[in-house]
Amino acid sequence: MAERPAERTGQSEVARLARVSEATVSRVINRKSGVSTRTREAVEQAMAALNVSRRTEGELVLVVVPELANDVFTRLAERIEAELSPFGLHIVLSLAVPGSARERIFVESTMGAGIAGAVFLSASNTTARADHTAQRVLTERRVPFVNVNGGAGGAAAPTYSTDDRRAAELAVDHLHALGHRRIGMLAGPPGNLLADRRADGFRAALRKHGLDDEHPLLARQLFTVDGGRRGGAELIAGGATAIVAASDRMALGAASAASRCGLSVPRDLSVVGYDDSPFLDLTAPPLTTVRQPTETLGRHAAQALHLMITGRAVPGGEVLIDPELRIRGSTAACPAGRG
């Protein structure tokens, strides 16, 4: 896209003040590689002094997602695009395993295109042994980024996350009120920040209700239907009358495990999911679940990133946003004599 005359005039003034070429100013404004940190800082100081801002029209924001099958990531991406598009910013999706070399390679390969910023959806910093190079590259190039549902390791970037501990507490509170005392949890794999938080919230909720949190009915599996089926069978064998799952897919797997054991949901086993996928009203029975606040998460992330792209400061650290329990037909009173 051709630069407008006013933009060229502003760049010329910045170039004179920073004592660099207009081409260098253009590379800094468009966040392209090939500029040293010292020169980039000099140009940005000159821009601030002359009140010259970066234009955003037609620029791209990289959104890194771990998968597309989970509707949560789709809803987040749609909200981020809706919030940024009025400012001329548009998203491009990168599918990358959280914290993996693939994530790093994609970020490095897009730097030359001059991306305006990035959003990591449950990506970097959510797993133990994660490769944090992708976010380091962005930091070194002074490309702003935000995290959604992630951001371990004390990252200074703004991070907006569902309060996963509160999510587990909501589910346990609901089941406890129905008379369940043998409550199990299907959590994600150990070392995953979000799974660990949900497991911690589960244990804290058990303690609050005076239940056994030293030897909890806790199964750690992948966030899949098969993981839910395996873990669900383990928890049922342990005597669980109710199961809190860390994803809707895991919850459906647990319901499948119950059926294989000759049990009926919710008569013999109550099940609570997590995410609030759009098809849950169509399951038999409809699945009680904890809904992630995707609209709020996406809005906060996009607004923060736009402020950063246009040179304004945004506080770092993590903001936790409350989830919401959606009660449907998969939970019921504890079977008589099994509480």
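Scroll up to find the structure.
Residues numbered from 1 in each chain as written. Predicted model: local features only at pLDDT ≥ 70, side-chain atom pairs only at ≥ 80, totals over all residues. Heavy atoms only, no water.

## Things to note about unusual backbone geometry
Right, on to step 1. Cis geometry is found at the peptide bond from Val265 to Pro266, where omega equals 10°.
Right, on to step 2. When you line up the elements, Pro266 lands in the loop between α10 (248–260) and β9 (270–275).
Right, on to step 3. If you check the backbone angles, Arg19 has positive phi at about 60° while not being a glycine.
Right, on to step 4. Within the chain, Asn149 stands out as a residue other than glycine whose phi angle is a positive 55°.
Right, on to step 5. Position of Asn149 relative to the elements: it lies in the loop between β4 (145–148) and β5 (158–162).
Right, on to step 6. Of the residues examined, Asn149 reaches a relative accessible area of 2% and is grouped as buried. (Helix = DSSP H or I, 4+ residues; strand = E, 2+ residues; numbered from the N terminus. Buried < 20%, exposed > 50% of the residue type's maximum accessible area, 1.4 Å probe, protein only.)

## Topic: the nonpolar core
Right, on to step 1. Within the largest apolar cluster, 22 residues are counted, with the highest numbers of intra-cluster contacts made by Val61, Val119, Leu121 and Val148.
Right, on to step 2. The element contributing the most residues to this core is helix α11 (residues 294–309), with six residues.
Right, on to step 3. Once residues lying within four places of it in the same chain are set aside, the contact partners of Val119 are Val61, Leu62, Val63, Val64, Ile80, Val146, Val148 and Leu305. (Core = buried A, V, L, I, M, F, W, Y, C linked by side-chain atoms within 4.5 Å. Contact = heavy atoms within 4.5 Å.)

## Some details on the environment of Thr331
Right, on to step 1. Mapped onto the elements of the fold, Thr331 is located in the segment after β12 (324–326).
Right, on to step 2. Take Thr331: its relative accessible area is 10%, and that puts it in the buried class.
Right, on to step 3. It is 9.5 Å that separates the C-alpha atoms of Thr331 and Ile243, two residues lying 88 residues apart in sequence.
Right, on to step 4. When residues no more than four places from it in sequence are discounted, the contact partners of Thr331 are His174, Leu175, Leu178, Pro266, Ser270, Val271, Val272 and Thr288.
Right, on to step 5. A polar side-chain atom of Thr331 sits 2.9 Å from a polar atom in the side chain of His174.
Right, on to step 6. Of the polar contacts made by the side chain of Thr331, one reaches the side chain of Thr288; its length is 3.1 Å. (Polar contact = N/O pair within 3.5 Å; in protein donor to acceptor, adjacent residues only side chain to side chain.)

## Focus: the sheet that holds strand β3 (residues 117–121)
Paired through backbone hydrogen bonds, the strands of a sheet run either parallel or antiparallel to each other.
Right, on to step 1. What the six strands build is an open sheet, ordered β2-β1-β3-β4-β5-β11; its pairing is parallel. Both edges of this open sheet fall to β2 (89–95) and β11 (317–321), since each of them pairs with a single strand only. Looking at each pair of strands side by side, their axes are set apart by 20° on average, direction ignored.
Right, on to step 2. Sheet topology note: the strand β1 (residues 59–65)/β2 ladder contains seven bridges and is parallel. (Pairing = 2+ DSSP bridges. Axes fitted to C-alpha atoms, helices over the stretch in contact; angles between N-to-C directions.)

## Overview of the sheet that holds β9
Right, on to step 1. Strand order in this open sheet of six strands is β7-β6-β8-β9-β10-β12, and the pairing throughout is mixed. In this open sheet, the two strands that pair with only one neighbour each are β7 (217–220) and β12. The sheet shows a mean angle of 20° between the axes of neighbouring strands, direction not considered.
Right, on to step 2. Relative to strand β8 (residues 242–245), strand β6 (residues 183–187) is paired through four bridges, and the arrangement is parallel.

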